[in-house]
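Structural features, examined
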Amino acid sequence: MSDIINILPDSVANQIAAGEVVDRPASAVKELLENAYDAGATRIQLIVKDAGRTLIQVIDNGCGMSDSDARICFERHATSKIHKADDLFAIHTMGFRGEALASIAAIAQVEMKSKLHDSELGTHILIEGSEVKEQTSCACPNGTSIAVKNLFFNVPARRNFLKRDSIELSHIEEIFKRVALVNYQTDYSFHSNGKLLYDLHTGNFAERISQLFGNSRRDQLCPVNEQTDIANIMGYVSKPEYVRKTRGEQYLFVNHRFIKHPALSAAIEKAYADVIPDRHYPTYFIHISIDPSRIDVNIHPTKTEVKFIDESALFSILRAATRKAIGQFSLATELQFNPIEEVDFPPAPKGYIPRQPQIHYNPAYNPFGSTSSHKGSSNNSGTGMSPHADPKWKSFFDIPSPTPGSDELPATGQTTIEGSTSPKTVGTDFALPQSAPCLQLDKSHIVSVLPSGLLVVDQQAAHERILFERLSNRKAPVQSQQLLFPVNCQFTPADADMFNEIVPDLKAYGFEIGAIGQTTFVVTATPTDVKESELQAFFDQILVDYKSAMIQKFNNRSQSLCRSLAHQMAVKKGTVLQQAEMQQLIADLFCCQSPTVSPTGKKTMAILSPEQLISQ
Ligand code: ADP
Ligand code: MG
């Protein structure tokens, strides 16, 4: 049999390698931004068109390249960042594998202009599918401009695999944030389809966080700072009261590189274990500076995985540093050691002389005798009272049929629950316990009775469910109130774009919103339970949830918006509820289609039968 093995041409080998390095426009953006940073640039511009499909351009004022380097940088394994195997354990740059430009040039049309600072002229090079089409001298500014056009032009399968522009753009935006966040001593700008989305100026870490995520983050974060022999840790973590239900803004960097490290992320989250509710997650922006010889970044082509020699020590340091930060800069200790409220005795009336309590008993009572023996007893307070002796007890179980028109809540002067109306239809098998008395436990749970047993309702989860169904059915519009003074809300240009997308939905839910300029919106009316003083934070959170729903490829946009609105508008744990409000909330919950879980999957209620209670 003749020989059948041949060495693949470079263009094919590069295309295969590109599959790992460049899987979507955002990964090409990452490689180009990292190259610009490695070139020592102080100003880096990112320009994309059609979410990177037609153009990704990165312009920097870094060191630039000579004529021959400009040609050779597109070869596989071409790098100026390492020379020998040992260098792999002393990496100070973002890149070192020498495969990004070769990969990109294999699957796109690339035009590059580059000039060394001490050269008169620069180089202009055109390369397409790994083939150099043209290389000439040209006049150009110091540094490098590289334009990647028609990404995946020769890999139709990949091109067709791309998601719609808004999703691809949000991936690019995420990469941009990861790079720009930690490199806060570099100026960055980001244009998409001719529109400036970000214009970031040199500053400190906190300023960069505000520039990228909005000013409201400042009040929500506390600083972390720890210098140890193993590593230095600096950055910001959320105060316990600002944790979220999604792991949205969690950024961990090692030596300026964004990394994903489940164990170290867990170290940060563990620091919050007893100060935040279950399934809530902190926001964090943490930078670890460590001797490069103590880590290995050469694990995966995307270089977001890192192995640490001192992982367990680092875990403890990170957890302790976070714990210290939340203890020092927030109310963590108070939250943790919330004292049990004292029993509130009313003051004794004037002239009242305390007397020793008397015990009354019925000598005729025989628990084993016939019921008539105690039925007739006139003095049954204290011991021996059977609940069945009191005919009023029965009325606790009386279930009146819902009466239309009884949906007004008495004015209480306390929190009124938005979205509460009396049930008109019953969508479940449960009977309505509308008039059963309710008790509030720990300002978070409502306890009442059903014919089948004791009902315990989580007030916040239940209200989220009610609001969510109300909002998503749009059957009973949420009540809206005009604001006395309109409130202006401001967003970054990218967020403003996204906010514009959801304004029509917000209007349908009772907000009145108009735009002033490109990034400011004026709010003139809101649903009744939205606090105007917290509107900015309210919308910031809506945008965070909206983005994370998009990134998680959650396609039902309006449903995720309803979920986020319901979560924010719902009555919170810690709110005192009046009797009528509790009854109304339970009645409304029982009208829901899925009354037993909140829109985020949390249990809203438990029903404990007398048998279950006794056997506890
Ligand atoms: P790596 O970054 O891993 O070295 P790349 O394929 O990304 O590999 O780049 C190859 C080489 O091209 C780099 O090592 C660097 O010398 C050069 N290079 C790439 N981009 C730039 C740039 N923007 N400015 C200067 N040199 C660059
Ligand atoms: Mg590189």
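Residues numbered from 1 in each chain as written. Chains lettered and ligands numbered in written order. Predicted model: local features only at pLDDT ≥ 70, side-chain atom pairs only at ≥ 80, totals over all residues. Heavy atoms only, no water.

For the protein, the count of helices and strands is 19 helices and 22 strands. The contacts in the protein between residues at least 6 apart in sequence include a share of 70% that link residues at least 24 apart. Accessible surface, the protein: about 31600 Å² in total, of which carbon and sulfur atoms supply 53%. (Helix = DSSP H or I, 4+ residues; strand = E, 2+ residues; numbered from the N terminus. Contact = heavy atoms within 4.5 Å. Areas by Shrake-Rupley, 256 points an atom, 1.4 Å probe, with all protein chains shown as cover.)

What follows is about the packing of helix α2 (residues 25–38) against helix α6 (residues 165–182). Interhelical geometry of α2 versus α6 gives an angle of 25 degrees and a closest axis separation of 8 Å. Here α2 lies roughly parallel to α6, going by the angle between them. For the crossing formed where α2 meets α6, the hand is right-handed. Contacts between α2 and α6 involve Pro25, Ala26, Val29, Lys30 and Leu33 from the former and Glu168, His171, Ile172, Ile175, Phe176 and Val179 from the latter. Across the contact of α2 with α6, the residue classes break down as eight nonpolar, one polar and two charged. (Axes fitted to C-alpha atoms, helices over the stretch in contact; angles between N-to-C directions. Parallel < 35°, antiparallel > 145°, perpendicular 65-115°, else oblique. Left-handed = near helix turned anticlockwise from the far one by under 90°. Nonpolar A, V, L, I, M, F, W, Y, C, P; charged D, E, K, R; others polar.)

Around ligand 1, the structure places 18 residues, and the nearest of them are Asn35, Thr79, Ser80, Lys81 and Gly98. One nitrogen or oxygen atom from the side chain of Thr79 is found 2.6 Å from an oxygen atom belonging to ligand 1. In the model, an oxygen atom of ligand 1 is placed 3.2 Å from a nitrogen or oxygen of the Ala100 main chain. With the chains in place, 92% of the 530 Å² that ligand 1 exposes on its own is no longer accessible. (Near = heavy atom within 4 Å. Polar contact = N/O pair within 3.5 Å; in protein donor to acceptor, adjacent residues only side chain to side chain.)

We now examine the pairing of strand β10 (residues 231–238). The pairing of strand β9 (residues 221–227) with β10 spans seven bridges and is classified as antiparallel. Looking at β10, one finds that Val224 is bridged to Gly235. (Pairing = 2+ DSSP bridges.)

Moving on, we get to helix α15 (residues 493–508). Taking 1.5 Å of rise per residue, 16 residues should cover 22 Å, and α15 covers 24 Å from first to last C-alpha, within 8% of that figure. Ala494, Asp495, Ala496, Met498, Phe499, Ile502, Val503, Asp505 and Leu506 are the residues of α15 that are buried. At the exit of α15 stands Gly510, carrying a positive phi of roughly 105 degrees. (Expected span 1.5 Å × (residues − 1). Buried < 20%, exposed > 50% of the residue type's maximum accessible area, 1.4 Å probe, protein only.)

The side chains of a regular strand alternate between both faces of the sheet. Direction of pairing for strand β20 (residues 512–516) relative to strand β21 (residues 520–527): antiparallel, over a ladder of five bridges. The residue bridging Ile513 from the neighbouring strand is Val523, located in β21. Here β20 folds back onto β21, and the loop between the two strands holds three residues, one of which, Gly517, carries a positive phi near 70 degrees.

Moving on: a nonpolar patch on the surface. Residues Leu8, Val12 and Ile16 make up a contiguous nonpolar surface patch of about 260 Å² in total accessible area. Locating Val12 in the fold gives a position in helix α1 (residues 10–21). Of the residues examined, Val12 reaches a relative accessible area of 34% and is grouped as partly exposed. (Patch = residues over 30% accessible without salt bridge, like charges linked within 9 Å, V, L, I, M, F, W, Y side chains within 5 Å. Salt bridge = Lys/Arg side-chain N within 4 Å of Asp/Glu carboxyl O.)

Compared with the 21 Å implied by 1.5 Å per residue over 15 residues, the 21 Å span of helix α14 (residues 459–473) between its first and last C-alpha is a close match. Just downstream of α14 lies Arg474, where phi reads positive at about 50 degrees.

Moving on, we get to the sheet that holds strand β22 (residues 605–608). One open sheet holds the four strands; their spatial order is β16-β17-β18-β22, and the pairing between them is antiparallel. Edge positions in the sheet fall to β16 (439–441) and β22, since each has one partner strand and no second. The average angle at which neighbouring strand axes cross in this sheet is 25 degrees, direction not considered. With four bridges connecting them, strand β18 (residues 453–458) and β22 associate as antiparallel partners. Considered in β22, the bridge of Val457 is made with Met605. Contacting β16, β17 (445–450) and β18, α14 runs over the sheet at an angle of about 75 degrees to β18.

Time to look at the pattern of salt bridges. On inspection of all chains with the given rule, the structure shows 21 salt bridges. The partner of Arg97 in a salt bridge is Glu99, with the nearest N and O atoms 2.7 Å apart. Given a relative accessible area of 13%, Glu99 falls into the buried group. The shortest N-O distance in the salt bridge between Lys245 and Glu464 comes to 3.9 Å. Of this pair, Lys245 sits in the loop between β10 and β11 (250–254) while Glu464 sits in helix α14, and the two are 219 residues apart along the sequence.

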